[in-house]
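Descriptive structure summary
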Amino acid sequence: MRVSDVRHVLVLPDRDAAEEAAEELGERFGITEEPQLVRDALAGEDDAEDAQWLVVVEDPEGRLAAKELDEFAAQWDGWREEP
């Protein structure tokens, strides 16, 4: 299994959405390891308003379906980054 197959990255529009999604991931998908939240400033932007937030989900067993994660991220106007 390639490394990219065991990690999913959800891109969300703001910190609140990322925190909500990270909490709900455990409830909805039974994830036991807490997802990592990462602030991703857009290129050339210093303003915090222009930052996206990444929710990094480790999935070593490959249990999470890409389509389900796409739909999940869309609830917060986000998306799943393709590896």
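About the thresholds
- Residues numbered from 1 in each chain as written.
- Predicted model: local features only at pLDDT ≥ 70, side-chain atom pairs only at ≥ 80, totals over all residues.
- Heavy atoms only, no water.
- Helix = DSSP H or I, 4+ residues; strand = E, 2+ residues; numbered from the N terminus.
- Buried < 20%, exposed > 50% of the residue type's maximum accessible area, 1.4 Å probe, protein only.
- Contact = heavy atoms within 4.5 Å.
- Areas by Shrake-Rupley, 256 points an atom, 1.4 Å probe, with all protein chains shown as cover.
- Pairing = 2+ DSSP bridges.
- Axes fitted to C-alpha atoms, helices over the stretch in contact; angles between N-to-C directions.
- Parallel < 35°, antiparallel > 145°, perpendicular 65-115°, else oblique.
- Left-handed = near helix turned anticlockwise from the far one by under 90°.
- Nonpolar A, V, L, I, M, F, W, Y, C, P; charged D, E, K, R; others polar.
- Salt bridge = Lys/Arg side-chain N within 4 Å of Asp/Glu carboxyl O.

Helix and strand counts for the protein chain come out as two helices and four strands. Written out in order from the N terminus, the α and β elements of the protein chain read β-α-β-β-α-β. Expressed as a percentage of the 83 residues in the protein chain, the buried residues total 33%. In the protein chain, once contacts between residues fewer than 6 apart in sequence are set aside, the share between residues at least 24 apart is 66%. Accessible surface, the protein chain: about 5,500 Å² in total, of which carbon and sulfur atoms supply 44%.

Moving on, we get to the pairing of strand S3 (residues 51-58). Along S3, six of the eight residues are buried, which leaves the element largely enclosed by surrounding structure. Relative to S3, strand S1 (residues 7-12) runs antiparallel, the two being bridged by six bridges. Across the sheet, the residue bridging to histidine 8 is valine 57, located in S3. Note: strand S2 (residues 36-41) against S3, six bridges, orientation antiparallel.

At their nearest, the axes of helix H1 (residues 15-29) and helix H2 (residues 66-74) sit 11 Å apart, and the two run at 140° to each other. Judged by the angle between their axes, H1 and H2 are oblique. The handedness of the crossing between H1 and H2 is right-handed. Facing H1, whose interface residues are Ala21, Glu24, Leu25, Arg28 and Phe29, H2 presents Glu68, Leu69 and Phe72. Considering only residue class, the contact of H1 with H2 consists of five nonpolar, no polar and three charged.

Inspection of the entire model under this criterion finds five salt bridges. Measuring nitrogen to oxygen at the nearest pair gives 2.9 Å for the salt bridge that ties arginine 7 to glutamate 58. Of the two residues, arginine 7 sits in strand S1 while glutamate 58 sits in strand S3, which places them 51 residues apart along the sequence. Of the residues examined, arginine 7 reaches a relative accessible area of 42% and is grouped as partly exposed. The partner of arginine 80 in a salt bridge is glutamate 82, and the shortest N-O contact between them spans 2.9 Å. You can call glutamate 82 exposed: its relative accessible area is 55%. Among the charged side chains, a salt-bridge network with shared partners connects Asp70, Arg80 and Glu82.

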